[in-house]
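As a plain string of letters, each chain reads:
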Amino acid sequence: MSLILHELQCSKSGYIFPPTSEALDDPNGLLAFGGNLSAATLITAYKRGIFPWYSEGDPILWWSPNPRTVFTPGDIHVSRKLGSQIRKADFAITLDHAFEQVINHCSEPRKQSADTWLIPEMRDAYINLHHQGFAHSIEIWQRGKLVAGLYGMALGKVFFGESMFSHVSNMSKIALYSLSEQLRLWGYALIDAQVASPHLFTMGAREIPRPEFEEILLNSIPEPPLPDKWLYSDSLPSSNIHLPG
């Protein structure tokens, strides 16, 4: 059982992350502190299954939970109610059309808390990664208004989900489902949801051991990771969404 929280050390090639097997058990997955949020550091972390999560005023904290909560693209559970809402098709879907709007909405305090973990430094870091082609968003629109969306990192054939928001009931679920279907078509291996929640399990999330997760990353992310082009200027027809059955 690891009892040591490592401070990141910098070398000529960048920050060096300790083995994820040395992450703490309590809190689950806390691995290291320090470093920075440069694109190079973040890409190095994500390709090993490590992500930052910390509050304003704290040092940067790096995490690698065990087990890991994941989805298989194309295998999102659709309830009868959600399926009915999708079939109504009273929305439009876009990819990378409004990344900064999505991340700004995701950074708004939740109803149950006045705080946000998406502090300005984090938002700026992911916006920088978006401009470089590594961070992406999916947006849901109704009558020209952005009502839901999510964003995350794409490396190789793995999408690392970071956060989502919704101003209309179930629309964030539609965003996740739509993204899952698109990633299935693109041949993605996995959607990382990081940590468990009852909401994710109702949509078909499952937990896998950290070594299994890291093996998937090793086989699905090229070295060096390359930017992914999600170039969509127009909305994707909602009729393209595949529903099981």
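The text that follows walks through the structure, step by step, so that each part is easy to find.

Criteria and thresholds
Residues numbered from 1 in each chain as written. Predicted model: local features only at pLDDT ≥ 70, side-chain atom pairs only at ≥ 80, totals over all residues. Heavy atoms only, no water. Helix = DSSP H or I, 4+ residues; strand = E, 2+ residues; numbered from the N terminus. Buried < 20%, exposed > 50% of the residue type's maximum accessible area, 1.4 Å probe, protein only. Contact = heavy atoms within 4.5 Å. Areas by Shrake-Rupley, 256 points an atom, 1.4 Å probe, with all protein chains shown as cover. Pairing = 2+ DSSP bridges. Core = buried A, V, L, I, M, F, W, Y, C linked by side-chain atoms within 4.5 Å. Salt bridge = Lys/Arg side-chain N within 4 Å of Asp/Glu carboxyl O. Axes fitted to C-alpha atoms, helices over the stretch in contact; angles between N-to-C directions. Phe/Tyr/Trp six-rings, centres within 6.5 Å; stacked < 30°, edge-to-face > 60°.

**Digging into the overall build of the protein**
Per the secondary structure count, the protein includes seven helices and 13 strands. Within the protein, the fraction of its 245 residues that count as buried is 50%. Contacts spanning at least 24 positions in sequence make up 73% of the contacts within the protein whose residues lie at least 6 apart. Carbon together with sulfur atoms contributes 53% to the accessible area of the protein, which is approximately 11900 Å² in total.

**Regarding the sheet that holds strand S4 (residues 30–33)**
Adjacent strands of a sheet form backbone hydrogen bonds with each other and so pair up, either parallel or antiparallel. The strand order across the open sheet formed by four strands is S1-S4-S6-S5, and the pairing between neighbours is mixed. Among the strands making up the open sheet, the edge pair consists of strand S1 (6–7) and strand S5 (51–52). Relative to strand S6 (residues 61–63), S5 is paired through two bridges, and the arrangement is antiparallel. Residue pairing across strands places Phe51 opposite Trp63, the latter belonging to S6.

**What about the nonpolar core?**
Counting 48 residues, the largest nonpolar core has Trp62, Tyr126, Leu129, Met153 and Phe160 as the members making the most contacts within it. Once residues within four sequence positions are removed from consideration, Phe160 is found in contact with Tyr46, Gly152, Met153, Leu155, Asp192, Phe213, Leu217 and Ile221. Formed by 29 residues, the second largest nonpolar core is a distinct cluster that contains Val78, Leu95, Ile174 and Ala193.

**Concerning the pattern of salt bridges**
If you walk through the whole model with that rule in mind, you get three salt bridges. In this structure, Glu223 and Lys47 form a salt bridge, with 2.8 Å as the shortest nitrogen-oxygen distance. Of this pair, Glu223 sits in the segment after helix H7 (210–220) while Lys47 sits in the loop between helix H1 (39–46) and S5, and the two are 176 residues apart along the sequence. As a salt-bridge pair, Arg68 and Asp192 come within 2.9 Å of each other at their nearest N and O atoms. In this pair, Arg68 is assigned in strand S7 (residues 68–71) and Asp192 in strand S12 (residues 190–194), connecting sequence segments 124 residues apart. There is no split in this pair, since Arg68 and Asp192 are both buried.

**Comments concerning the sheet that holds strand S13 (residues 206–208)**
Pairing is mixed in the open sheet, where seven strands are placed in the order S8-S9-S10-S11-S12-S7-S13. Every other strand in the sheet has two partners, leaving strand S8 (92–95) and S13 as the edge strands with one partner each. Each strand of the sheet is rotated relative to its neighbour by a mean of 35°, with strand direction disregarded. Of the pairings in the sheet, the one linking S7 to S13 comprises three bridges and is antiparallel in character. Paired with Val70 across the bridge in S13 is Arg206.

**A short note on the packing of aromatic side chains**
Taken as a whole and judged by the stated rule, the model has eight aromatic pairs. Ring geometry for Tyr46 versus Phe160: centroids 5.4 Å apart, planes at 75°, classification edge-to-face. With Tyr46 in helix H1 and Phe160 in strand S11 (residues 158–166), this pair connects stretches of sequence that are 114 residues apart. As far as the burial class goes, Tyr46 and Phe160 line up, both buried. The structure contains a cluster of three or more aromatic residues connected by ring pairs, namely Phe159, Trp186, Tyr188 and Trp230.

**Examining H1**
Within H1, six of the eight residues are buried, which leaves it mostly tucked inside the rest of the structure. All buried positions along H1 are accounted for by Ala39, Thr41, Leu42, Ile43, Ala45 and Tyr46.

Geometric values such as these leave the question of function open.
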